[in-house]
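# Chains, contacts and geometry: an overview
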Amino acid sequence: MNTSTAPVGINRQNISAGSLPEILQNPFTVAQQQLDEAAAYMKLPASAHEMLRWPLRELHIMIPVRMDDGNTKIFQGFRVQYNDARGPCKGGIRYHPAETIDTVRALAAWMTWKTALVDLPLGGGKGGVVCDPKNLSQGELERLSRAYIRQAGSFLGPEKDVPAPDLYTSAQVMAWMADEYSFMQGNNEFGVITGKPLALGGSAGRNDATARGGIFCIREAAAVLGIGLERATAAIQGYGNAGSHAHRLAEELLGMKVVAVSDSTGCIYNPDGLFHRDVAAHKKKTGSVTGFPCAVPITNENLISLDVAVLIPAALEGVIHKENAHSVRALMIAELANGPLTPEADSILREKGCYVIPDLLCNAGGVTVSYFEMVQNAYGYYWDEDEVHLKLEKKMITAFRNVHEASLHHKVHNRRAAYIVAIERVAEAMKLRGWV
Ligand code: NAD
């Protein structure tokens, strides 16, 4: 297969980052490498492989926004529709000063695999705007969000491509975007976007869906490994949406003892356990987990090397790498964050016998409940929280078992198994549609 020909409009210079240190690698190069490895293993037909190496479509836009001082500032934005063979594209919109088209492409590829792995009738997409939201007023943020939709709206739609919140885009941003899109259509179209406030067609159970999905995976993995989780220990890196809810649910649903947690200000440890209610109240009051009275401060490297049953990275990518992977003592790593292990750390941990629940699977609860939001919007009929939880549990258990069975069948590790299951599904849809 010829992989040297980039589609028109895509600058190959942007993606030739193979010689960079692993932690600085171009994310899209990494995403393509992951696909290439799985495709080679699966003997994926060349045409399907080539289709899956690049986005189907991408939109590059310039977004003029009237700033509070009266000047007009031009922002650059993107929307990538990576693959929609299985259904409308799905994926967040990010606001970040260092946003690049290659980051958006990589994330759109990963969304394609994730939606297929959980067997949602969706494809993968992602969007981004190069901006520093911390330096925008509320009015500027609203005008930027509405202008993004005016430029990209015709590319989006409940049947085409459905965005969601991501880095620095909140439920309020989704509400402005849904409103602008509705004006463009001439009728309410709340289903164009998910992660909306409950009052505008959001779904019950979305807030803790990512953590809840990960907790279900930890429970299934413990059964596979024959580990009891009652009073077993956990350490959690990151105390935002994913990490804080994971702390609560590890206690509530699994009876676990969380001994260490961290956020961007530092890490805290108590071998007797940290109660979510108390830590969350402290963080709410002070803005950070550090300074919590019933714990001692430890370093991030200490947290990663704690002798715990489950280590839950729930913050940033690349935090476990070749320099610190040898120190990990956890029996299991549950990747709630996207990409917390570098490829080198991944192989070191495999050699050590650490069981890894890969991000594609572990954090798929969020997109699963986003899909439930699309379904509820389409029906105009809304489920209560218990119903959402039950449906999420069923999806996550099935996805976990699919990965586990594929790993036994192909004799491969979980990450490779997850890629095989996902890519097989997307390739099958493309074949049935006559694309390849
Ligand atoms: P968030 O912004 O709500 O929280 C991030 C947390 O990480 C914060 O507590 C922050 O203080 C902490 N943090 C930042 N730098 C840190 C560092 N160096 N050490 C320790 N902690 C640090 O974000 P989130 O929504 O919880 O997302 C976290 C991860 O989970 C990301 O990788 C995200 O892509 C992934 N994820 C989230 C969702 C979701 O629904 N929220 C879905 C899928 C994947």
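Residues numbered from 1 in each chain as written. Predicted model: local features only at pLDDT ≥ 70, side-chain atom pairs only at ≥ 80, totals over all residues. Heavy atoms only, no water.

### A word on the pattern of salt bridges
Charged atoms that come close allow side chains of opposite charge to pair. For the record, the criterion: We count a salt bridge whenever a side-chain nitrogen from Lys or Arg sits within 4 Å of a carboxyl oxygen from Asp or Glu. Think of it this way: any DSSP run of H or I at least four residues long counts as a helix, any run of E at least two long counts as a strand, and we number them from the N terminus. Here's how the labels work: a residue is buried when its accessible area is under 20% of the maximum for its type, exposed when over 50%, partly exposed in between, all with a 1.4 Å probe on protein chains only.
Applying the stated rule across the entire model yields 30 salt bridges. One salt bridge in this structure joins R105 and E58, with 2.8 Å as the shortest N-O distance. Here E58 lies in strand β1 (residues 57-66) and R105 lies in helix α3 (residues 101-117), a separation of 47 residues in the sequence. Owing to a relative accessible area of 1%, R105 belongs among the buried residues under this scheme.

### Here we look at the domain arrangement of the protein chain
Interface size is commonly expressed as the accessible surface area that is lost when the partners come together. Under the convention used in this document: What counts as a domain boundary in this text is fixed by an automatic or database domain assignment. Throughout, a residue-residue contact means that at least one pair of heavy atoms, one from each residue, lies within 4.5 Å. Here's the idea: put two parts together, see how much 1.4 Å probe accessible area each one loses, and the total over both is what we call buried area.
Here the domain parsing of the protein chain yields domain 1 (2-10 + 55-199) and domain 2 (209-362). For domain 1 and domain 2, the distance between their C-alpha centres works out to 30 Å. Contacts between the two partners involve four residues from domain 1, matched on the other side by four residues from domain 2. The contact between domain 1 and domain 2 buries some 370 Å² in all, and 71% of this surface belongs to carbon and sulfur atoms. For domain 1, the biggest contributors to the area lost against domain 2 are W113, K114 and L117; these three give 80% of the whole.

### Considerations on the side chain of S145
The cut-off we apply is this: N or O atoms closer than or at 3.5 Å make up a polar contact, with two conditions inside protein: a donor-capable atom paired with an acceptor-capable one, and, for residues adjacent in sequence, both atoms drawn from side chains.
Position of S145 among the secondary structure elements: in helix α4 (residues 138-152). There is a polar contact of 2.7 Å between the side chain of S145 and the backbone oxygen of L141. Residues contacting S145, with those up to four places away along its chain left out, are Y95, V173, W176 and M177.

### Section: the packing of helix α6 (residues 209-225) against helix α12 (residues 365-379)
Short version of the rule: To get an axis, fit a line to the C-alpha atoms, keeping to the stretch in contact for a helix; angles then go from 0 to 180 degrees between the N-to-C directions. Roughly parallel refers to an angle under 35 degrees, roughly antiparallel to one over 145, roughly perpendicular to one between 65 and 115, and oblique to any angle outside these ranges. Two helices that cross are described as forming a left-handed crossing if the nearer one is turned anticlockwise from the farther one by less than a right angle, and a right-handed crossing if clockwise. For this classification, the nonpolar set comprises Ala, Val, Leu, Ile, Met, Phe, Trp, Tyr, Cys and Pro, the charged set comprises Asp, Glu, Lys and Arg, and every other residue, Gly included, is treated as polar.
Interhelical geometry of α6 versus α12 gives an angle of 120° and a closest axis separation of 6 Å. Classified by the interaxial angle, the pair formed by α6 and α12 is oblique. Remark: the crossing between α6 and α12 carries right-handed chirality. Note on element contacts: α12 touches α6 through G365, G366 and V369, opposite A209, T210 and G213. Here the contact of α6 with α12 is built from residues that sort into two nonpolar, four polar and no charged.

### Side note on the site of the ligand
Quick note on the threshold: We define proximity as follows: a residue is near a molecule or strand when any one of its heavy atoms falls within 4 Å of that partner.
Taken together, 18 residues lie around the ligand, and T210, N241, A242, S264 and N338 are the ones closest in. Note that an oxygen atom of the ligand is positioned 2.8 Å from one of the backbone N or O atoms of A242. A distance of 3.4 Å separates an oxygen atom of the ligand from a polar backbone atom of L336. Going through the elements one at a time, α7 (241-254) and β8 (257-263) are the ones with two or more residues in the shell around the ligand. Residues that form the shell around the ligand fall into these classes: seven nonpolar, nine polar and two charged.

### Details of the nonpolar core
The condition is simple: To define a nonpolar core, start from buried Ala, Val, Leu, Ile, Met, Phe, Trp, Tyr and Cys residues and group those joined through side-chain atoms within 4.5 Å.
Membership of the largest hydrophobic core comes to 93 residues, with the highest contact counts inside it found for W113, I218, V261, V310, I357 and I423. Here this core takes 11 residues from helix α14 (residues 414-432), the largest share from any one element. Both of domain 1 (2-10 + 55-199) and domain 2 (209-362) provide at least three residues apiece to this core. When residues no more than four places from it in sequence are discounted, the contact partners of V261 are I236, Y239, H247, G266, C267, I268, L274, V279, V289 and L303. Membership of the second largest hydrophobic core comes to 25 residues, among which are V65, Y95, Y181 and V192.

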